[in-house]
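So the chains spell out like this:
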Amino acid sequence: MARVEVVQGDITREDVDAIVNAANSSLRGGGGVDGAIHRAAGPRLKEAGAALAPCPPGEAVATPAFDLDPPVRHVIHTVGPVWKGGTRDEASLLASCYRRSVEVADSLGARSVAFPAISTGIYGYPPDQAARIAVDTVRSVPTRVELIRLVAFDRVTYDLLTAALD
Ligand code: ADP
């Protein structure tokens, strides 16, 4: 099992082997963290993503990191569930995003992986519930990945993730 830590910051600046993108099924880029990652990785990311699309909710696929700064070598694109009140399997789909992303990272030989708070922006997942799922899932998935860093963009998410970790 990996060591899990929580930080506040911009995921495109994290010094890890792989960063996870909260993508949409088209894998062609979008708003929020997806837009930030595409800007930092450059136009080849869109091409590489499009070739692997569509990606269903709960799944994860990897592309190179292109123009992102070393040591980042991989972008793992996962598609979170859109929150529809909690009755559409959102919790298990969100857990699957974290689990599948760690599995993909493991298969790439990544030692360290950073995650954004998947689905808690445009997709509307309640941030407190999402924080608990993020921490519980990454803490329990068997993996050779050594470090999993949960990256909060804002203070509220940082506090929720820290609370979930305790
Ligand atoms: P989703 O569509 O999965 O909800 P969003 O990108 O809208 O994805 O939001 C997911 C989370 O990513 C939100 O908590 C948002 O504040 C955060 N976020 C946005 N930009 C960045 C960034 N550069 N680094 C880390 N997290 C970010």
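- An unreviewed UniProt entry lists the protein under the name O-acetyl-ADP-ribose deacetylase, from Jiangella aurantiaca.

A look at the UniProt feature "domain: Macro" (unreviewed entry) in the protein
Here is step 1 of the chain: Those places that UniProt annotates as "domain: Macro" (unreviewed entry) correspond, in this numbering, to residues 1-166.
Here is step 2 of the chain: Across residues 1-166, helical content stands at 37% and strand content at 20%; the span's end C-alpha atoms are separated by 17 Å.

Some points on the site of the ligand
Here is step 1 of the chain: Of all residues adjacent to the ligand, which total 15 residues, the nearest are Ile11, Val33, Ser119, Gly121 and Ile122.
Here is step 2 of the chain: Interatomic distance of 2.8 Å between a backbone N/O atom of Ser119 and an oxygen atom of the ligand.
Here is step 3 of the chain: The side chain of Thr120 places a nitrogen or oxygen atom 3.0 Å from an oxygen atom of the ligand.
Here is step 4 of the chain: Contact with the protein chains hides 90% of the accessible area of the ligand, taken as 560 Å² for the molecule alone.

Things to note about the pattern of salt bridges
Here is step 1 of the chain: Summed over all chains, the structure comprises 10 salt bridges.
Here is step 2 of the chain: Measuring nitrogen to oxygen at the nearest pair gives 3.2 Å for the salt bridge that ties Arg3 to Glu5.
Here is step 3 of the chain: A salt bridge links Asp15 to Arg149; the nearest nitrogen and oxygen atoms lie 2.9 Å apart. Here Arg149 lies in strand β6 (residues 147-152) and Asp15 lies in the loop between β1 (3-8) and β2 (18-23), a separation of 134 residues in the sequence.
Here is step 4 of the chain: The exposure class of Arg149 is buried, given its relative accessible area of 11%.
Here is step 5 of the chain: Through salt bridges with shared partners, a single network forms among Arg3, Glu5, Glu14, Asp15 and Arg149.

So, the side chain of His77
Here is step 1 of the chain: Within the secondary structure, His77 is located in strand β4 (residues 74-79).
Here is step 2 of the chain: Owing to a relative accessible area of 0%, His77 belongs among the buried residues under this scheme.
Here is step 3 of the chain: Among the polar contacts made by the side chain of His77, one reaches the side chain of Thr63 at a distance of 2.9 Å.
Here is step 4 of the chain: Filtering out sequence-adjacent residues up to four positions away, His77 remains in contact with Asn21, Ala23, Leu27, Leu45, Cys55, Glu59, Ala60, Val61 and Thr63.

Thoughts on helix α1 (residues 32-41)
Here is step 1 of the chain: Here α1 has its buried residues at Asp34, Gly35, Ile37, His38 and Ala41. All buried residues of α1 lie within an arc of 165 degrees about the axis, which places them on one face of the element. Residues of α1 that are exposed and angled more than 90 degrees away from the buried face: Gly32 and Arg39.
Here is step 2 of the chain: Residues of α1 that are buried in the fold lie against β2, α2 (44-52) and β4.
Here is step 3 of the chain: Phi for Gly42, located one or two positions after α1, is positive at around 90 degrees.

Considerations on empty space enclosed by the protein
Here is step 1 of the chain: Per the stated rule, a full pass over the model turns up 1 cavity of 30 Å³ or more.
Here is step 2 of the chain: For the largest cavity, the calculated volume is near 50 Å³.
Here is step 3 of the chain: Taken together, Tyr98, Ala117, Pro127, Ala130, Ala131, Ala134, Thr157, Leu160 and Leu161 form the lining of the largest cavity.
Here is step 4 of the chain: For the lining of the largest cavity, the secondary-structure elements that each account for two or more residues are α4 (127-140) and α5 (155-165).
Here is step 5 of the chain: Class assignment of the residues belonging to the lining of the largest cavity gives a composition of 8 nonpolar, 1 polar and no charged.

Cut-offs applied
- Residues numbered from 1 in each chain as written.
- Predicted model: local features only at pLDDT ≥ 70, side-chain atom pairs only at ≥ 80, totals over all residues.
- Heavy atoms only, no water.
- UniProt positions renumbered as here; feature names shortened; annotations may be inferred.
- Helix = DSSP H or I, 4+ residues; strand = E, 2+ residues; numbered from the N terminus.
- Near = heavy atom within 4 Å.
- Polar contact = N/O pair within 3.5 Å; in protein donor to acceptor, adjacent residues only side chain to side chain.
- Areas by Shrake-Rupley, 256 points an atom, 1.4 Å probe, with all protein chains shown as cover.
- Salt bridge = Lys/Arg side-chain N within 4 Å of Asp/Glu carboxyl O.
- Buried < 20%, exposed > 50% of the residue type's maximum accessible area, 1.4 Å probe, protein only.
- Contact = heavy atoms within 4.5 Å.
- Arc of directions from axis to C-beta.
- 1 Å grid on protein atoms, 1.4 Å probe; cavity = no way out; pocket = protein on both sides within 12 Å on 5 of 7 lines; lining within 4 Å.
- Points joined across faces, edges and corners; volume = space filled by probe spheres on them.
- Nonpolar A, V, L, I, M, F, W, Y, C, P; charged D, E, K, R; others polar.

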